[in-house]
Amino acid sequence: MIARTTAETPPNATLENGNHDIDIDSCFDFLQSDSASGTPVRGDLISPQPSPIYTITENEPFSMENLEGYQFAKFAATYFQGQASSQYSRKALRQPLLYHENSGDQIAALAVWITILRFMGDAPEPKIGASNSNAEGMDKIPIMTKLYSTLGKQFSRKEIEMASQAADFEASGMKVRKNGSISRIVSMTLKKKSSKTSDSSSVTTNGHHHHHQHGSESKNNGDTNSLHSDGLLENRPTTSLDKLHFIIGHGILRPDLRDEIYCQICKQLCNNPSKNSYARGWILLSLCVGCFAPSEKFIKYLYCFIREQGPRGTTKYSSYIEHRLRRTVQNGTRHQPPSYIELQATKSKKPLVLAVTFMDGTVKTLNADSATTARELCTLLSEKIGLTESFGFSLYIALFDKVSSLGAGNDHVLDAISQCEQYAKEQGRQERNAPWRLFFRKEIFTPWHSPKTDAVSTNLIYQQVIRGVKYGEYRCEKDEDLALLAAQQFYVDQNGPNLDVEKLEGSIPNYLPDFALTKQGQNTIEKWMQMIMHVFRKKFMGNKPVTVELVKDDLVTFAQYKWPLLFSRFYEAYKFAGPPLPKNEVIVAVNFTGIYVVDDKEEVLVEFSFPEITGITCTASKRLGTDTFTIQTITGDEYTFQSPNSDDIRELVVYFLSGLRSRSRFAVTIQEQKLDDKGTYLECHRGDLLILVEEFGNASAQFVKAENTRTGAHGNIPIELIYILPTITKPSSDILELFNRRTELSKLNAERGMTLLIPNTNAERPYTLERFATDNFRIQSKRSLSTNRKYVELWRHSREPLRHPLLKKLEGKAEPSAESLVSYLAIMKYMGDHPIKRPKHPVELTDIIFRAPLRYEVLRDETYCQLMKQLTDNPNIYTEERGWELMWLCIGLFPPSKSLYKEVNQFLRTRMNPIAADCLNRLQKTIKVGQRKYPPHQVEVEAIQHRTTQIFHKSFFPDGGEEAIEVESSTRARDFCNRIATRLGLHSADGFSLFVKIGEKVISMPENEFFFDFIHQLTDWVRQNRPSKETVTPIFAYQIYFMRKLWINVIPGEDINADLIFHYHQELPKYLRGYHHCTKKDVAHIAALILRAQTRDDKEPPFGQFSQIISDILPKEMLKNYSSSDWKKIILAEYQQLSVKTSAEAKIAFLKYISNWPTFGSAFFEVKQSSDPTMASKVLIAINKNGVNLFNQDTKEHIISYPFEVISNWTSGNTYFHMTVGNLMKGNRLLLETTLGYKMDDLLSSYIQSLISGQNQNTNREHEI
């Protein structure tokens, strides 16, 4: 070992102050002397031929950078602590050169200084003694492993002072008594066994304790100095390679220590009197700059130091060091210290020459350096062999039986080699003899991969596959597939369709895996011969010629689709949030078909095809390795995973999604487009699948030409109305159904927020039902007590179904008791405590659980008790989480009885689960607003499964706008309306209503109904009327609209927002359908207003295209009265006389104009009547604030009006609406045929109810006066 003491430095060894050339070879003698074996470095790692000497030309761009004023002495004078100078010293540091806030960094800085002195030969090595008997075992532990264990450890001020005292003795090599400072610094970091013993002990890095006799100055233990424990200094001689790993490892793992390390090295290179120490210092600096760079604060000082103080002469070592530093700045910090072969390269100043093996057996050598990344190496390899389709080819490293992918990204190649050397050390080998090898192979395909694009790529993949099949990497379940692959390989080897039976027989052992040759007994070869020859003749000996290239293409395509998981990039991850999976520790595999989440047994837990994925985001974390990425799907699910490779996963998936979209010819319409000019524009409904005429590309145009697969029509459609599917093949009907569902469901709103569930920090010892059960639970039967099964109290979690209800009060109530047992079994199935024969949607189970207690009040406490039972002492975290979901849903439906309320309240208050805290608040709301009528809706169930208690529901408005409104389990329709009115700035929500569109029906939601109850009731009704043969309960899509329903006290101009968002857009379609009676003058004036309303304020109406827009401004029956040109003249003249200037003013003017008509604000229904022969058969019914008005449907002539007060009764059905006017005995009965009877019924009820409530309010006011 190289170790210098003061006496070893000759008096005349002082060097002149200035730049010196250094003897590199003599200073790298440790590369040989540190190893017991003289085995030369493997020839496939370092080129046996001399590589050209590495030179830096003087006209490099960075060589002209002005670094004046960045001298190291200036930095030292400004930032060094205490009396520390910038000059060489052998003395120990009493404190770090730079200020460090972290105590761990302070201690580490002192240990690094001692190690630098020892590496440069300026301080002695520890002497070998008895305390080092475990050194041989210790030597196998990599330095980086020891350093990791020191991270995060903190020290007190007293401990730091003791460490600085100990550093003096370490530097001088003096012996210290055990009751001195060294003993104290050892015990400072010791995990003490007991305070009652008087023995003092030190702990070595691997955790073994060595005891020393108290009070004796043992010869063997006298050199036991400080800074040794917990991965700091070794109390034994170490190799120079270990010292390098120690110094550089600290720089890698402790970013705040990097400037300190460089300052310590630079200090020791200023006026260093020892030539050997000086040379070793520059070698150390060279190796440091290859692994980590200093901070921005110090980097220019370091550049200046290298140029001004660095060794010159023939070696040009300073230029070499500066180039290494700039490469490190360019490619980032390494994660591992230098490998053995880097030391060899630094010694020779030659680039590393790495040998990489290809899958066709060839080996290529490439120059590399410490900063070389896998991306750089893959690019060089691709250029070297003429590989143009290089994506998906990656660098792999193999050691012993382990193979690891380095990918083709920013991972440092030398980090992987360094890790292999450290692993070899753990196995008892020397670093220099680690038998690692590099490979270049296909790791992943793009979804648009074509083997015909690049013959070089296809050949490499072909060679990889046939070798993988032979050695069992790629397995075929069917013998036919193996026979096909063998036939294809034989065709390629024969270079054509020459079926030489003898050659085939000799080649079969080279084609097939060993297990295939032994599984069928003695006649195996003959059987394979017959199968392969049959395939060969059938496939290759026909009339159609086949080329070798085509055979390789087919084999590669077969492999791509046969083994997608084996051609994947794998990433370790932890499922952080989202729908539950069987396991949380998972492996995420990305390949050309999508994303697969698999467990450690390669069982697929969940998969996402690319058309299902709407986006992927990545969130960085301050903590190393805790970044997260979130996958969003078209069903609205969001899966969040924690992975140190989160950004790599996001980048890869985004690359695939954007590539697929740019190549896609498939889109789905997200908004309806109905236009009269069907020759130019494409008419489509929301959810229609479109086939684009051309690939989407970057789509800079505003329109794309497409075919509607539903209608077969062709035309243009605006880009903003379509969603490009990331696929190059036609999507399945399942994907389209998912997409349709996505646009309808509330939880998928892009603006959705999320209320994070915060744990209940006030939770005490968990409260149970033990005491309550004593008085209120039934007594367990003797039979259950005497069985061999472990006895479990009724109030604790159990995996056994109940035979009887829990509560005594259900005894004698047969039907509720039976229902309670069914509910409990559904609870167990939902939680995962009981197997399910066939997959069920969670809503199916929640319906079973909660329908009975909603029907029978006596069962509500039973349900609460069953849930609390399964949440008490539950040993499975997963099933407990599912149980809390049910508790949250239950509390949103009905409260417990007064007798059970205290138990539920205490139970929730003493639970740490974050859902429990929200349940407490939720319980108070439910008590206040009352119980629900129906089980939880799908949206509620999925919300709590996503761990969010805040649900946003999308609501659509007549002007085409939409808003996401927060809705809770306790929200009633009127609450929803009030929230929208507040959001939009309306004066009042009176007269407005929610409408649910489901299928072809649009149904108004009563204002007192719970929002989710009404939706649930509606979907139940649709399900009953549309029976499904499917085993899984169908989910019906719906939309929520918010519109004015009752037109009472509506005065245009008073509520501008209501006019512009609702009134104009609701009244305009009625006008254009011709429901109002109006004159030619009315029509012309209103047409001018509509033109102004529909035209941007800075534009003029498109009179040039008048024939195309005429139907959008005139009632349909008025179109035939005059020609298009005549209407144009009339309307143009009217337009020129308008006083309104803006679109908004025109809309309000339109409303003011028609508000004078008796039919303003009416709901119109086209019906047939058969009750009065004197009346026209086709009647137009207008229901408004004045009552029910009848008009001739053709002439719009008024027939009769019935005020609400004369209407005594009405009924409706699927095909009729009947109304009685006058008293029930002598009144007139109006019989109408219509499919909209339910709407007329609801509207009539709402107007009468509103008028009655209005009269009551007026009466109350009069009484108050």
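Keep in mind that what you see is a predicted model, and the values were worked out from it rather than measured.

## Some points on the confidence of the model for the chain
- Averaged over every residue, the pLDDT of the chain is 81; residues scoring 70 or more account for 81%.
- Across residues 1-17, where pLDDT falls below 50, the model places 32 contacts with residues more than four positions away in sequence or in other chains.

## Re the sheet that holds strand β18 (residues 714-718)
- With respect to topology, five strands assemble into an open sheet ordered β18-β17-β16-β15-β19, the strand pairing being antiparallel. The open sheet has two free edges, formed respectively by β18 and β19 (722-724), since each of these has just one partner strand. Strand-to-strand twist of the sheet, defined as the mean angle between neighbouring strand axes without regard to direction, takes the value 45°.
- Where strand β16 (residues 689-692) lies against strand β17 (residues 703-708), three bridges are found, and the strand directions are antiparallel. Bridge pairing in β17 places I691 opposite E707.

## Brief notes about the pairing of strand β20 (residues 951-956)
- Among the six residues of β20, six are classified as buried, and the element is accordingly described as predominantly covered.
- Burial of β20 is two-sided: the residues I951, H953 and S955 facing one way and the residues F952, K954 and F956 facing the other way are all buried.
- Of the pairings in the sheet, the one linking β20 to strand β21 (residues 962-967) comprises six bridges and is antiparallel in character. For K954, the partnering residue across the bridge sits in β21 and is A964.
- Linking two consecutive strands that pair antiparallel, namely β20 and β21, is a turn of five residues; a positive phi of about 90° is found at G960 within it.
- Bridge count for β20 against strand β24 (residues 1039-1044) is two bridges, and the pairing is parallel. Residue pairing across strands places S955 opposite I1040, the latter belonging to β24.

## Considering the pairing of strand β27 (residues 1187-1192)
- Most of β27 sits inside the fold, with six of its six residues counted as buried.
- Of the pairings in the sheet, the one linking strand β26 (residues 1178-1184) to β27 comprises six bridges and is antiparallel in character. Among the inter-strand pairings, I1181 is bridged to a residue of β27, identified as L1190.
- Remark: five residues form the turn of the hairpin made by β27 and strand β28 (residues 1198-1202), two consecutive strands paired antiparallel; K1196 in that turn has positive phi of roughly 65°.

## Overview of the pattern of salt bridges
- Per the counting criterion, the structure on display carries 36 salt bridges.
- When the shortest N-O distance is used, the salt bridge between R327 and D369 registers 2.8 Å. With R327 in helix α13 (residues 317-331) and D369 in the loop between β4 (363-368) and α15 (374-385), this residue pair connects regions lying 42 residues apart in the sequence.
- On the accessibility criterion, D369 (21% relative accessible area) is partly exposed.
- Where D688 meets R710, a salt bridge forms, and the shortest distance between an N and an O atom there is 2.9 Å. Taken together, the residues D688 in the loop between β15 (666-669) and β16 and R710 in the loop between β17 and β18 connect sequence positions 22 residues apart.
- R710 sits in the partly exposed class, given a relative accessible area of 45%.
- When salt bridges that share partners are traced, they join R307, E322 and R326 into one network.

## A few points about the side chain of D454
- Inspection of the secondary structure puts D454 in the loop between β7 (437-442) and α17 (455-470).
- Of the side chains bearing the opposite charge, K442 lies closest to the buried D454, which forms no salt bridge; the N-O distance is 8.6 Å.
- At 2.9 Å, the side chain of D454 and the backbone nitrogen of T388 are in polar contact.
- Filtering out sequence-adjacent residues up to four positions away, D454 remains in contact with G386, L387, T388 and E389.

## Concerning the sheet that holds β26
- Here seven strands make up an open sheet; going across it, the order is β28-β27-β26-β25-β31-β30-β29 and the pairing antiparallel. Edge positions in the sheet fall to β28 and β29 (1207-1212), since each has one partner strand and no second. In this sheet, neighbouring strand axes are inclined to one another by 30° on average, regardless of whether the strands run parallel or antiparallel.
- Pairing of strand β25 (residues 1163-1169) with strand β31 (residues 1228-1233) involves two bridges; the strand directions are antiparallel. Residue Q1169 lies in a different strand from β31, and its bridge partner there is L1232.

## Considerations on helix α23 (residues 646-663)
- Here α23 is 18 residues long and its end C-alpha atoms lie 26 Å apart, about the 26 Å a rise of 1.5 Å per residue gives.
- Listed in full, the buried residues belonging to α23 are S646, I649, L652, V653, F656, L657, G659 and L660.
- Taken together, the buried residues of α23 touch β8 (569-577), β9 (585-591), β10 (594-598), β12 (613-619), β13 (628-633) and β14 (638-642).

## Structural notes on helix α3 (residues 72-79)
- Among the residues making up α3, those that are buried are F72, F75 and A76. Down the axis of α3, the smallest arc covering the buried residues is 100°, so these residues share one side. In α3, the exposed residues that point more than 90 degrees away from the buried face are A77 and T78.
- Packing partners of the buried residues in α3 comprise α10 (258-269) and α12 (296-309).

Cut-off values and rules
- Residues numbered from 1 in each chain as written.
- Predicted model: local features only at pLDDT ≥ 70, side-chain atom pairs only at ≥ 80, totals over all residues.
- Heavy atoms only, no water.
- pLDDT = per-residue confidence, 0-100.
- Contact = heavy atoms within 4.5 Å.
- Pairing = 2+ DSSP bridges.
- Helix = DSSP H or I, 4+ residues; strand = E, 2+ residues; numbered from the N terminus.
- Axes fitted to C-alpha atoms, helices over the stretch in contact; angles between N-to-C directions.
- Buried < 20%, exposed > 50% of the residue type's maximum accessible area, 1.4 Å probe, protein only.
- Salt bridge = Lys/Arg side-chain N within 4 Å of Asp/Glu carboxyl O.
- Lys, Arg positive; Asp, Glu negative; His and termini not counted.
- Polar contact = N/O pair within 3.5 Å; in protein donor to acceptor, adjacent residues only side chain to side chain.
- Expected span 1.5 Å × (residues − 1).
- Arc of directions from axis to C-beta.

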